[in-house]
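# Breakdown of the fold
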Amino acid sequence: MARFSVALVLVLACWTANSSAAALSVEDKLQQLTDSYIQFKEVVGAKNAELQAQLEQQQVHHNEIKSELTSKISQLEAKIQQQERAHPSSPVYFYVQRSTPFSTLATPLPFDLAVLNVGNAMDLATGKFTAPRAGIYAFSFSGMALFPATSGVYVWLSASLFLNGNVVGSAEVDEANTVEDQWSPLFLQATLSLQAGDQLWLEIEYDTAGVVLHDDADHYTHFNGWMLDE
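Here's a quick rundown of the structure. Here the structure is a predicted model, which means the values were calculated and not measured.

## Focus: the pattern of salt bridges
In this structure the tally under the stated criterion is three salt bridges. Put simply, E50 and K47 hold a salt bridge, and the shortest N to O gap is 3.9 Å. Of this pair, E50 and K47 both sit in helix α1 (residues 2–86), three residues apart, which is roughly one turn of the helix. When its relative accessible area of 45% is taken as the criterion, K47 is described as partly exposed. Put simply, K72 and E68 hold a salt bridge, and the shortest N to O gap is 3.4 Å. Within this pair, K72 and its partner E68 are both found in helix α1, separated by four residues, close to a single helical turn. K72 gets classed as partly exposed once you look at its relative accessible area, which sits at 44%. Since its relative accessible area comes to 45%, E68 is described here as partly exposed.

Okay, here's the thing in structure tokens:
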């Protein structure tokens, strides 16, 4: 019986010692796992921070490229608009002449010959130019007044440019003590902002007996116009 008790005590002692050793071994392993997890977490955190910094750097670079491209696009659009204004999409210009004298007052001056009439905005028969589009237009007129012989008499001829029935400019030439077939030139120029449908023409407003706007086959009357900008 005594031997059995001693043996039991020895078995219990050995079991207790083995149990403690096993418990310490598990704790060590848990500690190792914990340490490994902390190290892994630190590595992952550092890597995330590095990636985040790279992404932010790339975003800054992307924004710089985007800003540069936007600026270049705006510059190109501005240049295109300037070119479009300098070169209208549908050109409008004309150059017309007369070949016979004219002296009728308060009547649009008609023309006989269209040297140019691009855009067909000038009507020869009515002498009226109709603006096809809104824009800035330039016009130029020159003619030759023919005077009869006079003695101590003041004679003249006046031509005016009308826009929708209103005078926008005039030219006049006058003489005294003229000789037979005396000629004098007159000139008129204008640059106007027109709306689509606006009409422009020339009229002889004033003259004296025997004075005419002279013309023949050599074409002394010239009227031209062109779109500058739209």
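## What about unusual backbone geometry?
For A106, which is not glycine, the phi dihedral falls at a positive 55°. If you trace the backbone, A106 turns up in the loop between β1 (93–97) and β2 (113–118). Here N164, not a glycine, exhibits a phi torsion of approximately 50°, which is positive. Mapping N164 onto the fold places it in the loop between β6 (154–163) and β7 (166–176).

Reading the values: rules and limits
Residues numbered from 1 in each chain as written. Predicted model: local features only at pLDDT ≥ 70, side-chain atom pairs only at ≥ 80, totals over all residues. Heavy atoms only, no water. Salt bridge = Lys/Arg side-chain N within 4 Å of Asp/Glu carboxyl O. Helix = DSSP H or I, 4+ residues; strand = E, 2+ residues; numbered from the N terminus. Buried < 20%, exposed > 50% of the residue type's maximum accessible area, 1.4 Å probe, protein only.

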